[in-house]
Every structure is written in structure tokens, then in C-alpha cells.
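Chains, contacts and geometry: an overview
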Amino acid sequence: MLARVVVDSPLPHLDRPFDYAIGESLEGRVGVGSRVRVPFAGRLSSAVVVGMSEEESPHALKSIKSASAIPSFTQEALDLAGAIARRYGGSLWDVLRLMAPARVASVEKLDWEGMTVSGLDLGLVAVLAERAAAEGLPKVAGSRAVWVAPPALSAPIPVETVLGWALAAIADGGSAVVVVPDARAAHAVAEGAVASGLRRWTARSGGDFALLDADEGPSVRFGSYVAAMRGVARLVIGTRSSAWQPVPSLKAMCVWDEGSTTFAEPRAPYPHARTVAAMRAQETGASLLVGGYALSADAVALVEHGFAKRVGTVQERDALPRVDVVGPERREREGGQGRHWMPGSVWGSLVDSARERVAAILVPQTGYASGLRCARCAQWAECAECGGDLQRASGEGVPRCRECEREAPQWHCPECSGYRLTPAGLGVERLAAQVGRMAADTTVVVSSSGTGTVADGTVSSGFVVATPAALPAVAGGYGHLAIVGARINVGEGLGAEHATVRRWMNAAALVAPRSAGGVVSVVGDLPESVRRALVTWDGWDIGAGDLAQRQQLGLPPHRRAARLEGPPEAIDAFAAAAENLTFDLSRDAEGAWVLASRGAMPGVVSVARAIAVERSAVSAAPLFVRVDAVPGS
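This text gives an overview of the structure that appears in the document.

1. Some thoughts on the sheet that holds strand β2 (residues 18–21)
As summarised here, the arrangement of the 5 strands in space is β2-β1-β4-β3-β5, forming an open sheet in which the pairing is antiparallel. One side of each edge strand has no neighbouring strand; the edge strands of this open sheet are β2 and β5 (66–67). Where strand β3 (residues 35–40) and β5 come together, 2 bridges link them in antiparallel fashion. Residue pairing in the sheet places R37 in a bridge with S66 of β5. The strands that helix α2 (residues 92–99) touches are β1 (2–7) and β4 (43–53); relative to β4, the one it contacts most, it runs at about 95 degrees.

Laid out in C-alpha cells, this is it:
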């Protein structure tokens, strides 16, 4: 008996199975999906068994040195990993590394065979399923839908609707996966599941759903992974990596807030959770739900290409917050009060709301200020080492470079030799301090990555001053939300308008409906498309408009793109090998961009990967491939 394994190696030409003998001490323990340690290139390396064979090898084989007590992957998981690797032009090992967390021996020794699957309460499922149906979500097995969701008010995600859709799909068996952008949303769904009567899975007591949360330690994370893989927990809730979580009999996959940048894996081969979910739905016939408040061009393209259908009910006007855009002309009419960062017409309503319930102020920048200027000549303060912007963490803090993080305690202006610095722009901490002085009798809570994120449901009165991703939900929704310094961040490249609308609509979704007095004030100069999307609460048209522009330019997702980085001879080799394929090649100093139709891109990726393997085998300068990269971003 021998085992075929893939080995942990960054070299593309070693991305293939190697045969190893299974010693007597490991017979019956090593199987497909086992994580093992093998001698490779003069050292012990980690590996995963991808196949077994009873054939005799004509060569003397090295033996596997150790193996995990239970497999970490199923055959279906290995097949999925292979499909992801081919789709993104990467190695199988890199995908397996992303798929499974670090193994924990004590977890592997649990009595997994003796664990039973808990049955779902069909009465609970029926109640939640009706909630999903009321929002227009499809009940048909195997449906693929794109959903523009209504505001959730007291949570960062419409918990009951998403749970109802997922549970209805697995009421008669199988597994469902709910993928959310961050730990906050994952815990909101988990808390909603518990409130509905479901139990979180633990090694001690079992349960109905597995929460994949890396912050809870390796034992809990690995235990939840194995429980989901073996079908002991049939509902999976987690962040990006749960999109490729192995489960038996996949019946439903939901990706919430699909436009979030957190869904793009930053490690090779850079898979995107939304794309992986679509791949799995297409391969397995599972239902797919891609949703959010403001949909991206990629989500709209799923509908335009006929892969999915748009779903959702038309929202009653009274069920939505009133959105009021305070632009330059209106601020000018208010005179001096209008030129303040908080116009007087907005401030009065905010104070009233803060005294009666909870009001919020959304600030684009974290920290004390967005930057620093010379107090004498107003020259922007830059780092002498790298040219990055200087900033302070507090009013008295030492200036520090935003890019290289070098401190600049002895900064002098290169224009006038001045040495005093003044804040430029309002950071969340500086603005919160001003709000505290402006409303001295009202509590002010700050929530940001720098000061710490306030938990959902913990604020019941006063002001919340927060950055967009850190705005906590409050019971019943905010009475008034003001978004100050509203503008489009052109540095985000393609899709900047959608990214801005998505952030603001995610925050506005936490505001009470207009029937309860809920108001959102957006203070800034906005493009008409952004203003219209906010005022009409239309999260579809902003993505559709973005998609239309990309179609005119021939850019993704209308076409697919790949980034090749390497020496000119590597790009030449790719162009020669792919001469029979149809694509556009644009070279630059570091490599080239490749644009091709959706049908032609798999061939382009295959050729590029083959060139990377060839160059790796002869120790030539490498060719790096990144699929679905976006030009201009």
C-alpha cells in the first residue's frame, strides 16, 4: 500500500503528487485527506494524502513518518480545492492551506464516530422560512438568487431572513453555509440562531450550528471545522474561509454583503468567497444567495449573464429611513453654520435624537486627524524617508508616517522651515472630542479600530461617533445618523462609487424607519448617481451603473482579467504559448495585464500556469499569476 501526497512547497513544478510507502505502524491510520509528515528534499515536510494505491512501486519509496489521527479533508474537499486551484492558477497545497485550520491533536482524539447529528426543530424552521419567503427569497432547491435586502435596524445583517432561507434548505438533510464579511456579523448571526432556539456546536455538548471564529483559539476553530466537515453540525456560520469549508451534501450557500473587500483572500492563489460560492453551487446543485444592501457590479453581472435571478420585495417607503443629502449649495445658504463640519440644520435634530434615544455620527477617518499641515504655510506634512503622510494618534502624540510608520519628532517644513503642526481633517477621536464639548450634557461613545469597536446592542442613549465598519447596532435603530465629510474615495479605483454607497447604506440600515422618525443626513458633495442611490434606497442601480461603465471599457466583470508579473522573457513565452487563444495583452515594467472573455480565460490561466511550472523546473526567474485582478485598482 502506498500513498500519493502533495507536499508543502512554494515551487510550482512541485505541485504534483509524490508516492510514499505506508509503514506497518501507520496502516489503517493513513487515508485520503490525512495530514502527514514526509521526508522531502532533505527535511521533514508537511503533506496531505490525495490518493491511495495498492500497486507495487518499481522504485524504493521513502516512508511516511507520522500522520494525523483523523483525515482533515474529504475526497469532495480535495476535489473542490483542485477546482479552486485550477480556476485561480495556483497550487493545490496553497488552497488546502487556506481551507483547513491548524490541526490540534486533542481534537482529533475525540470520539467523532460516536457523535450524532442533532435534528432541527421543524416548527422553528417553518417560522423562520416564512420570514424568508415574506422577503421574496426563493424556496426552490437549487435556485440561484441575488438579493437587495431591506434594513435590519438592530443587527448588521437581516439575521432571521438569512437563517430562515438556510434552514429551509436543510430541513430534510444536508448542510448549509452562511458566509459573512467579519467576526461582528458572524457573531450577530450566531446570536440570532441561539435566540431562535438553535444551539452552537461544542465538543462537549454537540449542537446545531458551527461558528468558525479564529479569535476563539485553535482548538475551538479546528473542532468546529471537523464538526462541519463530518456533518455533525449542519449549519455553518463564518467569515471568508468558510466559503471553502468542506461539508457533506451541500444544499445552500449564502454570501452576505458580497461587495466587502474582506471576501478577497490576500494569500495565494487569492480566491474570492463570492466566486467560490458560485462555483460550489454550480457543481453541487446547491441553492445560492448573494445579498447585501448595495450590490457590486460582480453581483449584478451574475443576473445579467443569466447565472442567477434578482429577488426581493419592494420596500414600503415608511419602512426605510429618510435620507437627506446636505450639499454645498444648501450649506452655503445656511451661512456660517453651514460651513461648519456639522451644519446647524443637522446638529439640532441630532441633539434631540441623542436625548430621546441614540444618535450617531459617521466619520470617514480613524485616529485623531486625517493628516497634518504646517501651521505657518499650510504645507502638507510628509515623511522625510518615504514621502507618506504624517499623522497623530492623539492631539499630543508624536507625528508618525501613515505608510512606513517612522516617527518624526523633529519634523521641519521643507518650504518655510516651520516646526509647528496643525491637524488637517477630522479623525474620529478629534471629532468625538468636539461633540463632547458641543453637547456637554450628553454621553459620547467612540467606536473605531483605534479606540476599540463597541459591541452591538450595548449603547442605549447619547451619541455614538464611529468609523463606518465600527458603527454598532442599537435596539430599535438610531433616531438620527449624520455622515460627515462624505465624499468618494477615488483612490479605491474601479467601483469607488459602489464601495462608498455600500459603506453608507450598511450604516443607514441601522437607522429606524421614517415611520418612527429615523433620519440619515449625508453632509458632503456627492455625484448624482450616489445621491440618487441613497435617497431612493436603491442598492441595485449603483452596481448596474458600474457594470455598464465596465462593459463600455471592456473591463471585469464584463471580461476577465489576469495579472502576470515576471521578466520580459516570461511574458514572451506566455504570449507565444497562448497564440491560439483570443486575449488582449498590455505590458508594463513589472509584467503584463491580460484581458479575455469569460470563456477564453480558463485557457489563458492554464497556459500561464504551465509557463510558471516550466520556469520553476529550471530555476528561472519566476512568473507570478494573479487571476481576477482588477486593472486600475
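That shown, we press on.
2. Some details on the sheet that holds strand β20 (residues 462–466)
If you walk across this open sheet you meet the 6 strands as β13-β22-β21-β14-β20-β19, and the pairing is parallel. Each having just a single partner strand, β13 (322–326) and β19 (444–447) make up the two edges of the open sheet. Taking each pair of neighbouring strands and ignoring which way they run, the sheet shows an average axis angle of 15 degrees. Along the sheet, helix α13 (residues 428–438) makes contact with β14 (358–362), β19, β20 and β21 (480–486), crossing β20 at roughly 160 degrees.

3. Regarding unusual backbone geometry
A cis geometry characterises the amide bond from A268 onward to P269, with omega recorded as 5 degrees. With respect to the helices and strands, the residue P269 is situated in the loop between β10 (250–256) and α8 (273–284). Following P556, the chain continues into P557 via a peptide bond in cis, with omega recorded as 5 degrees. Here P557 lies in the loop between α16 (541–553) and β23 (560–565). The backbone of D257 shows a phi angle near 60 degrees, a positive value even though the residue is not glycine. The residue D257 is located in the loop between β10 and α8 in this model.

4. Observations regarding the pattern of salt bridges
For side chains bearing opposite charge, pairing can occur when the charged atoms are close. One pass over the full model with this rule turns up 28 salt bridges. Between D15 and R609 there is a salt bridge, and its shortest N-O distance comes to 3.2 Å. Of the two residues, D15 sits in the loop between β1 and β2 while R609 sits in helix α18 (residues 601–617), which places them 594 residues apart along the sequence. On the accessibility criterion, D15 (28% relative accessible area) is partly exposed.

5. Things to note about the packing of aromatic side chains
Taken as a whole and assessed by the stated rule, the structure comprises 8 aromatic pairs. Ring geometry for W147 against W256: centres 5.9 Å apart, planes inclined by 55 degrees, an arrangement best described as tilted. You can see W147 sitting in strand β6 (residues 144–148) and its partner W256 sitting in strand β10, a full 109 residues away along the chain. On the numbers, 6.5 Å between centres and 65 degrees between planes, the contact of Y293 with W537 is edge-to-face. With a gap of 244 residues between them, Y293 in the loop between β11 (287–292) and α9 (297–304) and W537 in the loop between α15 (528–535) and α16 connect regions that are remote in the sequence. Residue class for Y293 comes out buried when judged on its relative accessible area of 2%. A residue is classified by how much of its surface remains accessible, and W537, at 10% relative accessible area, is buried. The ring of Y88 carries the charged tip of R87 above its face, separated from the ring centre by 4.9 Å.

6. Points about the packing of helix α17 (residues 568–577) against α18
Between α17 and α18, the shortest axis-to-axis distance is 9 Å and the interhelical angle comes to 135 degrees. It follows that α17 is oblique to α18 by the angle criterion. The chirality of how α17 crosses α18 is right-handed. Taken together, the residues of α18 that come into contact with α17 (itself represented by E569, A570, A573, F574 and A577) are V604, V607, A608, I611 and R615. Partitioned by chemical class, the residues of the contact of α17 with α18 number 8 nonpolar, no polar and 2 charged.

7. Digging into the environment of P602
Within the fold, P602 resides in helix α18. C-alpha of P602 to C-alpha of Q391: the two residues are 211 residues apart in sequence and 45 Å apart in space.

8. Here we look at α17
Listing the buried residues of α17 in full gives A570, I571 and F574. Buried residues of α17, viewed axially, fall in a sector of 100 degrees; they line one side. For α17, the secondary structure elements touched by its buried residues are β23, β24 (584–587), β25 (591–596) and α18.

9. Describing the side chain of R559
Mapped onto the elements of the fold, R559 is located in the loop between α16 and β23. A distance of 3.0 Å separates polar atoms of two side chains, one belonging to R559 and the other to D584.

10. Here we look at the nonpolar core
A general feature of soluble globular proteins is that nonpolar side chains tend to end up buried together. By size, the foremost hydrophobic cluster in this structure holds 84 residues, and its most contacted members are F73 and F574. With sequence-adjacent residues up to four places away left out, F574 is seen in contact with L564, F583, L585, V594, V604, V607, A608 and I611. Membership of the second largest hydrophobic core comes to 74 residues, among which are V162, A166, I170 and V323.

Cut-off values and rules
Residues numbered from 1 in each chain as written. Predicted model: local features only at pLDDT ≥ 70, side-chain atom pairs only at ≥ 80, totals over all residues. Heavy atoms only, no water. Pairing = 2+ DSSP bridges. Helix = DSSP H or I, 4+ residues; strand = E, 2+ residues; numbered from the N terminus. Contact = heavy atoms within 4.5 Å. Axes fitted to C-alpha atoms, helices over the stretch in contact; angles between N-to-C directions. Salt bridge = Lys/Arg side-chain N within 4 Å of Asp/Glu carboxyl O. Buried < 20%, exposed > 50% of the residue type's maximum accessible area, 1.4 Å probe, protein only. Phe/Tyr/Trp six-rings, centres within 6.5 Å; stacked < 30°, edge-to-face > 60°. Lys NZ or Arg CZ within 6 Å of the ring centre and 35° of its normal. Parallel < 35°, antiparallel > 145°, perpendicular 65-115°, else oblique. Left-handed = near helix turned anticlockwise from the far one by under 90°. Nonpolar A, V, L, I, M, F, W, Y, C, P; charged D, E, K, R; others polar. Arc of directions from axis to C-beta. Polar contact = N/O pair within 3.5 Å; in protein donor to acceptor, adjacent residues only side chain to side chain. Core = buried A, V, L, I, M, F, W, Y, C linked by side-chain atoms within 4.5 Å.

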